[in-house]
Amino acid sequence: MVIVIIIVVLLLLAGLIYVLLRNSLINLNQRVGESWSGIDVQLKRRHDLVPNLVESVKGYATHERETFEKVTQARAAAMQASGPAEAGQAEGQLTAALGGLRVVAEQYPQLRATENFQQLQRQLSELEDEIQASRRIYNSNVQQFNTRIQQFPASIPAKQMGYAEKEYFAITEPGEREVPEVSFSRGQTAEQG
C-alpha cells in the first residue's frame, strides 16, 4: 500500500512539474511575441515619418532624385519585411538610405534651419532610441526563451509544443560588417571600398 502511495505521489509530482514547465514556456513565448509587437509599433512609426522627412528635403534639393528614390524603395522594402532577420536587414538598408538623405540635407543650411525639418530630425532620433530600447527587450526575451527550450527538462514539453528557437533582431546596414581594405603603397594609407 505504501508503494502505491509513493508511486501516485511521484506521478502527481511529475505531472505538476510538467504543467509548470509548459506554462513557463507559454509565458516566455508570449513575452517574445509582445516584445516583437513593441518593435513593430516603433518601426511603423518610423515608416510613417520617412515620407514627411523626404518631402521636407525635396523642397530644397529637387535635383537629388536618386537619393529620394533609394529612401522610398528602402521604406517600401522595410514595410514588406517579415520576421526579425528580414526586418533587420530591410531596416538597415532604410537606415543607410536615410543617412544619404541626411548628407543631402547637410548641403542646405536653410533647410536645416527650418523648424519643420528640425522637428522631423528630432522625432526620427527619438524613434531610433525607442527602436533600440525595444530591440534590447525583445532580444533579452528571445535569449531567455531559446535558453529555456534547450534546457532539460523544459526541452521535453518544448518539443511537444513544437517550439523552435526564435530569431534575434538586429538592424544591419549594408557593408557594416565588412572590414575595409587598407593599402600602404606609396607611403600613404588609403582606404579602398
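The coordinates are above.
First, a word on what this report is: a plain description of the structure on this page.

About the criteria used
Residues numbered from 1 in each chain as written. Predicted model: local features only at pLDDT ≥ 70, side-chain atom pairs only at ≥ 80, totals over all residues. Heavy atoms only, no water. Helix = DSSP H or I, 4+ residues; strand = E, 2+ residues; numbered from the N terminus. Patch = residues over 30% accessible without salt bridge, like charges linked within 9 Å, V, L, I, M, F, W, Y side chains within 5 Å. Areas by Shrake-Rupley, 256 points an atom, 1.4 Å probe, with all protein chains shown as cover. Salt bridge = Lys/Arg side-chain N within 4 Å of Asp/Glu carboxyl O. Buried < 20%, exposed > 50% of the residue type's maximum accessible area, 1.4 Å probe, protein only. Axes fitted to C-alpha atoms, helices over the stretch in contact; angles between N-to-C directions. Parallel < 35°, antiparallel > 145°, perpendicular 65-115°, else oblique. Left-handed = near helix turned anticlockwise from the far one by under 90°. Contact = heavy atoms within 4.5 Å. Nonpolar A, V, L, I, M, F, W, Y, C, P; charged D, E, K, R; others polar. Core = buried A, V, L, I, M, F, W, Y, C linked by side-chain atoms within 4.5 Å. Phe/Tyr/Trp six-rings, centres within 6.5 Å; stacked < 30°, edge-to-face > 60°. Lys NZ or Arg CZ within 6 Å of the ring centre and 35° of its normal.

1. What about unusual backbone geometry?
- The omega torsion of the bond from F152 to P153 falls at 10°, within 30 degrees of zero and hence cis.
- The topology assignment puts P153 in the loop between α5 (115-150) and α6 (155-160).

2. A look at a nonpolar patch on the surface
- A surface patch of nonpolar side chains, about 670 Å² in accessible area, is lined by V2, I6, L10, L13, L16, I17 and L20.
- Locating I6 in the fold gives a position in helix α1 (residues 2-58).
- Exposure remark for I6: the relative accessible area of 46% places this residue in the partly exposed category.

3. Concerning the packing of α1 against helix α3 (residues 84-106)
- The interhelical angle for the contact between α1 and α3, taken along N-to-C directions, is 25°, at an axis separation of 12 Å. Relative to α3, α1 is oriented roughly parallel. As α1 runs across α3, the sense of the crossing is left-handed. Contact residues: α1 offers W36, L43, R46, H47, V50, L53, V54 and V57, while α3 offers P84, A87, E91, L94, T95, L98, L101, V104 and A105.
- Per-class residue counts for the contact of α1 with α3 are 13 nonpolar, two polar and two charged.

4. Some words on the nonpolar core
- Core analysis: the biggest nonpolar cluster contains 39 residues, and L53, V57, V71, L98, L101, Y138 and F169 have the highest contact counts within it.
- Breaking this core down by element, the ones donating at least two residues are α1, α2 (65-80), α3 and α5.
- A total of 11 residues in this core trace back to one element, the largest contributor, which is α1.
- If we ignore the near neighbours within four places in the chain, the residues touching V71 are V50, V54, L94, A97, L98 and L101.

5. Digging into the packing of aromatic side chains
- Tallied over the entire structure, the rule returns three aromatic pairs.
- Relative to F169, the ring of W36 has its centre 5.3 Å away and its plane inclined at 75°; by these criteria the two rings are edge-to-face. Linking W36 in helix α1 with F169 in the loop between α6 and β1 (181-183), this pair joins segments that are 133 residues apart in sequence. Accessibility assignment for this pair places W36 and F169 in one class, buried.
- Taken together, the aromatic side chains of W36, Y138 and F169 make up a single cluster linked through ring pairs.
- The positively charged end of K166 is found above the aromatic ring belonging to F145, 5.2 Å away from the centroid.

6. Here we look at the side chain of S35
- Here S35 is to be found in helix α1.
- Accessibility expressed as a relative area gives 5% for S35, which makes it buried.
- Excluding anything up to four places from it in sequence, S35 contacts I137, Y138 and N141.

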